[in-house]
Every structure is written in C-alpha cells, then in structure tokens.
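Given next are the chains, with one letter for each unit.
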Amino acid sequence: MLGWGVERLRADMNRLLALLFHQGVLDEQFLQLQQLQDESSPNFVSEVVTIYFRESEKLLRILRELLMDKELLDYKKLGIHVNHFTGSSSSIGAKRVRSVCVAFLAASEQENRAGCLRALEVLEHEYCYLKNKLHELFQIEQQRVMASGVRYPMHHR
C-alpha cells in the first residue's frame, strides 16, 4: 500500500508544476535546477530556492526603502537592485517575477516613480505567489520522500 501514497504525491507534484508552468510562474530553468538534484544532494532545489527567498526578502526591503525616499530617490541604485533581483529570479526559473523586474527596470531607467511604485506592488504580489506555491511543492515533495521510505543522510550545519 506504500506505493499508492507515493504515486499520489508524485501526481500532486506534477499537477502543481504543470499549473505553475501553464500560468507562466516558472520556466525551463526550474527544470534544469531540478535535474541537478540527486541522491548526493537530495535537497538541492529547496536549498537554492531558500537562498533565493532570503536574498529576495532583503532586496524587496531595500527597494521599498529606496522608493520611500521622496526627495532623494536614487534611480541608479534602484536599478542595480532590480537588476540583481532579475538575475536571481532568472537563475531559479521564476518567469513572472523576472518579467515584472524587467518592467520595474524600465520604469527606473525612465525615472518614473509612480511606475516604480506600481512595479514594486506587482513584484511583491508575484513574489508572494511564487513563494507560497514553491513552499507547497516542497512540502508535497517532502511527504513523497517520507512516504517512499527513502532515508537520506542527515546534513549537519
């Protein structure tokens, strides 16, 4: 009976991934990241994505702070941080987040404060959606691994 639960969880993972690709949330880069995961690094994708989330939270905080400074809005600095966000989003396959970053960058290059504020709002929304869905995916994956009875060596930090 053990196999049924594992197959159901695998199907749930595949359905969620298919939805995220269909919605344009993820692209092929995410699949390439998954291909780098194996028995020697069973948590590779979730570790990379966790680092992405940590960095993204910092970047969102910095972008918010920069945009709140009405007198001295440094568009060059804003652009540098948006570029960083664009690159890290590309590296994990966060397609919709990356697309918003591209629009954000265009608004910062035009020194369009209202456009930057709108882009930040959309960016925060897309980022939260991505984060929630990837957390859901990793939870299902964790359940699948536990249900299959596979035991990976513990990583000591």
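Structure: above.
## Topic: helix H4 (residues 75-92)
In this model H4 runs 26 Å from its N-terminal to its C-terminal C-alpha over 18 residues, within 8% of the 26 Å that 1.5 Å per residue would give. Where H4 is concerned, the buried positions are Tyr75, Leu78, Gly79, His81, Val82, Phe85, Thr86, Ser88, Ser89 and Ile92. Along its buried surface, H4 packs onto helix H2 (28-35), helix H3 (44-68), helix H5 (95-109) and helix H6 (113-147). Regarding H4, its N-cap is Asp74, as a side-chain oxygen of that residue lies 3.2 Å from the backbone nitrogen of Lys76 further along. Gly93 sits one or two positions beyond H4 and adopts a positive phi of about 85 degrees.

## Notes on unusual backbone geometry
Phi is positive for Glu111, close to 50 degrees, though the residue is something other than glycine. With respect to the helices, strands and loops of the structure, Glu111 is situated in the loop between H5 and H6.

Basis of the calculations
Residues numbered from 1 in each chain as written. Predicted model: local features only at pLDDT ≥ 70, side-chain atom pairs only at ≥ 80, totals over all residues. Heavy atoms only, no water. Helix = DSSP H or I, 4+ residues; strand = E, 2+ residues; numbered from the N terminus. Expected span 1.5 Å × (residues − 1). Buried < 20%, exposed > 50% of the residue type's maximum accessible area, 1.4 Å probe, protein only. Contact = heavy atoms within 4.5 Å. Polar contact = N/O pair within 3.5 Å; in protein donor to acceptor, adjacent residues only side chain to side chain.

Don't take any of this as a statement about function, it's just geometry.
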